[in-house]
Amino acid sequence: MTADLDALRDRWLAAWPQALAAWGRTSRMHAPVLHTEPCHMGSWAWYTTDDPEVHVDLTVVAERGIEDHALAVLAHEVGHHLLAPVDRLTSLKIAARIKVGLVDMDHLVGLVDNLWCDLLINDRLQRQAGIDRAALAQTVGAAQADNPLGVLVGRTYEILWGLPRGRLAAEGSAAEDHAMLCSRLVRAYARDPVGGAAGFARLVRTHIDPAWLRDPDNGADVGGLACGGDHGGDDSIPFGLASDPTLGAPATHPALDPRVVGTTDVPEATPVELTPGGAGGAGNALQPAALHALLTAMGSPTTAQQVAAAWYRERAAPHLVPFPVREGPTTSEQLLGGLDPWEVGDDLSTIDWSGTMTASPVVVPGMTTVQRAYLEDESVQERPRPVDLDLYLDSSGSMPDPAAAYAPIALAGAVLALSALRAGARVQATTWSGTGETIGTDGFTRDVDAVLQAVVAHIGGGTSFPLALLERTHLGTPPTATGPTHVAVISDSGVTTMFRPWSAEDETSSDVAARALESAGGGGSLVLQIPESYRHGIEALAGDYDVYPVTTDDDLVTFARDFSRATWGRQSRART
C-alpha cells in the first residue's frame, strides 16, 4: 500500500504546475504537502491561510476512488488561495457575513462558509479553466434525498453547468426554486465572496437538517461537493476586521437582491442603510462580543478580553493625537582659556595663584596678579522626553463592559494610551471600581498588550477612585512616576470620589488629586461620560484638571482635538 501511495504522490505532484496554470501564468505557490499517512481531517484536501499551503491526504483519495482527479482537486485548493478566501482577513469577513445569515446556527458557520467558497471556485474552474469538477463530484456520488443541504448545493451545480437532473443530487423539486436562486447568486458574486456570503447563508438556512441543530456532527457530510476548507489561521485578529462597516449589516435574501434577480424583479421593501459608525462608533461593524463569537465559531481559542483589546486598538487608530513632549534642558561645558590680568576690585577668589607666582615671585596686586579665563562650549540640548501617562478607567456598575459592546469611554482610553505609547512615553493604566478593586499594569510600562488589557477590563462593582494609588504614584517617597506625567481619568459622575471620597462616616474633601496633579507636572484630563449640564459642577471640584464630556462618537473626536490643542499649548507656554 505504501508503494502505491508513493506512486500516487508522484503522479499528483506532476499535476501541480497545471493546477497553478489554471489560475493564470503568474500564479505562485510552493508544492503541495501530500500525506501518505492518515491525517484524520475529515476530507481528502484542505488549505491553510496562515502559511498559504495545500494539503492532500492520499489515504482518503484512495479510499474515495478519486486518484485520477488530481488536477481538479489541486486547482480547487489553489482557488482558496487566489479567490476565496485568499487570506485570513477575507476568510473572517466571509465567515462574519455567513454568521449573520445563519442567525442562530453559529456551529455551522464553518461548513456553510466552505460550501459558499467552494461554489465560487468550482464554477470558475468548470466554466473558465476547463477543469472537470463535475466528474469529481460524480465519482464521489450524488447527494441523497435525506440530505437537503447537499441536494440544494448539488442541484445548484447542475443548473450552473447545464447537467441533467439527478447527476449530482437526488431528483426532486423541493430545492428547485432555491437552487435556481443560488446559481444566480453564484454568478452575481463570482468575484465578491464577502458580498454574497450572507445571502447564501440566508438561502441555505431553510435547507439545514434539523438534526444538525442538536448535533452538528450528524449528517454534516455533503458528499463530494465540498473540500476540507481552511484549517489554517494563527488565531490572530487581523487589522481591518473590527472597523468594516458592512460586516454586521442585515443579510439580504437573494430573492430581494437586485444583483441576483434584477432591479425590476425585486418587491418593494425598505432599503437597509449601512451606518459607517461615525468617528469612533461601531455602526454596522461587528461589536466586540459578536467578533468574539465569530472567532469562537471558527475554532479560535482567543478570549473575549483579547478580542476587545484588538477591537479598540483598531477603532482608536484613526484618532491618535500628538502627545506632548518636553524639550530637554540646554547644557554647556566651560573650557579653560588663557590668563587675564586680575585687577583690584575683582573677586579675590578668582586669582590664579599658580599663574601669578609663575609670572613673578613678588606679588603686587593689580600688577602681577592674574586670573584664569573660561570659554563657553557650544550649547547641547538633551534629548526630548515624552510626557508619561497615568491613566485611570472607571469600571463601576454604571459603566458598560467594553468586551460586550462598543463603549465610548474605553475607546477614549485607548486613544489616550496608544497616543502616549506611540510617542515613546510610558503608561500606567488602572481600571478601578469599588474600594480596593483595581486591575492594572502594575506600574509604568511600554507594553501595548498589557495596557490595552487594562483598558478593556471590567469589574462592575461600586465606585471609589483609588486615591491611595494616585498618591503613591506621585506623592510617595520616592514617587513611582519619574519625570513629567499626564494624569487622565476615564469615568462618569463617579469621578467626584476623586475629590470627595466616601468614608465609613461621611463624604469628606481631599486634596490628594490636586497635589498629585501639581507633582506630576504634565497636566490632567477628566474624560467623562456625563451630560453637558454636569460639566460646570465637576469643573468646580476638578480645579486644574481639564474636563471633557464624551457621550457620542463626535464627542470623542472633539475630545481628541481639544486634548491635542490644550496639551501642546501648555507645552508651548512652558517653553517660552
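This structure is a prediction, so every number in the text was calculated from the model and none was measured. (Residues numbered from 1 in each chain as written. Predicted model: local features only at pLDDT ≥ 70, side-chain atom pairs only at ≥ 80, totals over all residues. Heavy atoms only, no water.)

## Thoughts on the nonpolar core
Part 1 of the argument: Core analysis: the largest hydrophobic core is formed by 125 residues, its most contacted members being Trp12, Ile98, Trp116, Phe200 and Tyr312.
Part 2 of the argument: Sorting elements by how many residues they give to this core places helix H15 (residues 408-422) first, with 11 residues.
Part 3 of the argument: Apart from residues lying up to four places away in sequence, Ile98 is in contact with Val109, Val112, Asp113, Trp116, Ala197, Phe200 and Ala201.
Part 4 of the argument: With 23 residues, the next largest nonpolar core counts Leu467, Leu469, Leu470 and Val512 among its residues. (Core = buried A, V, L, I, M, F, W, Y, C linked by side-chain atoms within 4.5 Å. Buried < 20%, exposed > 50% of the residue type's maximum accessible area, 1.4 Å probe, protein only. Helix = DSSP H or I, 4+ residues; strand = E, 2+ residues; numbered from the N terminus. Contact = heavy atoms within 4.5 Å.)

## Some words on the pattern of salt bridges
Between side chains of opposite charge, pairing is possible as soon as their charged atoms come close.
Part 1 of the argument: For the structure on display, the rule yields 17 salt bridges.
Part 2 of the argument: Residue Arg259 pairs with Asp192 through a salt bridge whose shortest N-O separation is 3.4 Å. A residue pair is termed long-range when its members are at least 10 positions apart, and Arg259 in helix H11 (residues 258-261) and Asp192 in the loop between helix H8 (176-188) and helix H9 (193-205) qualify at 67 residues.
Part 3 of the argument: Relative accessible area serves as the criterion here: at 25%, Asp192 is assigned to the partly exposed category.
Part 4 of the argument: We note a salt bridge from Glu532 to Arg535, for which the minimum N-O separation is 3.6 Å. (Salt bridge = Lys/Arg side-chain N within 4 Å of Asp/Glu carboxyl O.)

## Quick look at unusual backbone geometry
Part 1 of the argument: In this structure, the amide linkage connecting Ala84 to the following residue, Pro85, adopts the cis form with an omega of 10°.
Part 2 of the argument: In this fold, Pro85 is placed in the loop between helix H3 (70-82) and helix H4 (88-102).
Part 3 of the argument: Of note, the amide linkage connecting Thr477 to Pro478 takes the cis form, showing an omega dihedral of -5°.
Part 4 of the argument: Residue position: Pro478 is located in the loop between helix H17 (467-475) and strand S13 (485-491).
Part 5 of the argument: The backbone phi angle of Val86 is positive, close to 80°, even though this residue is not glycine.

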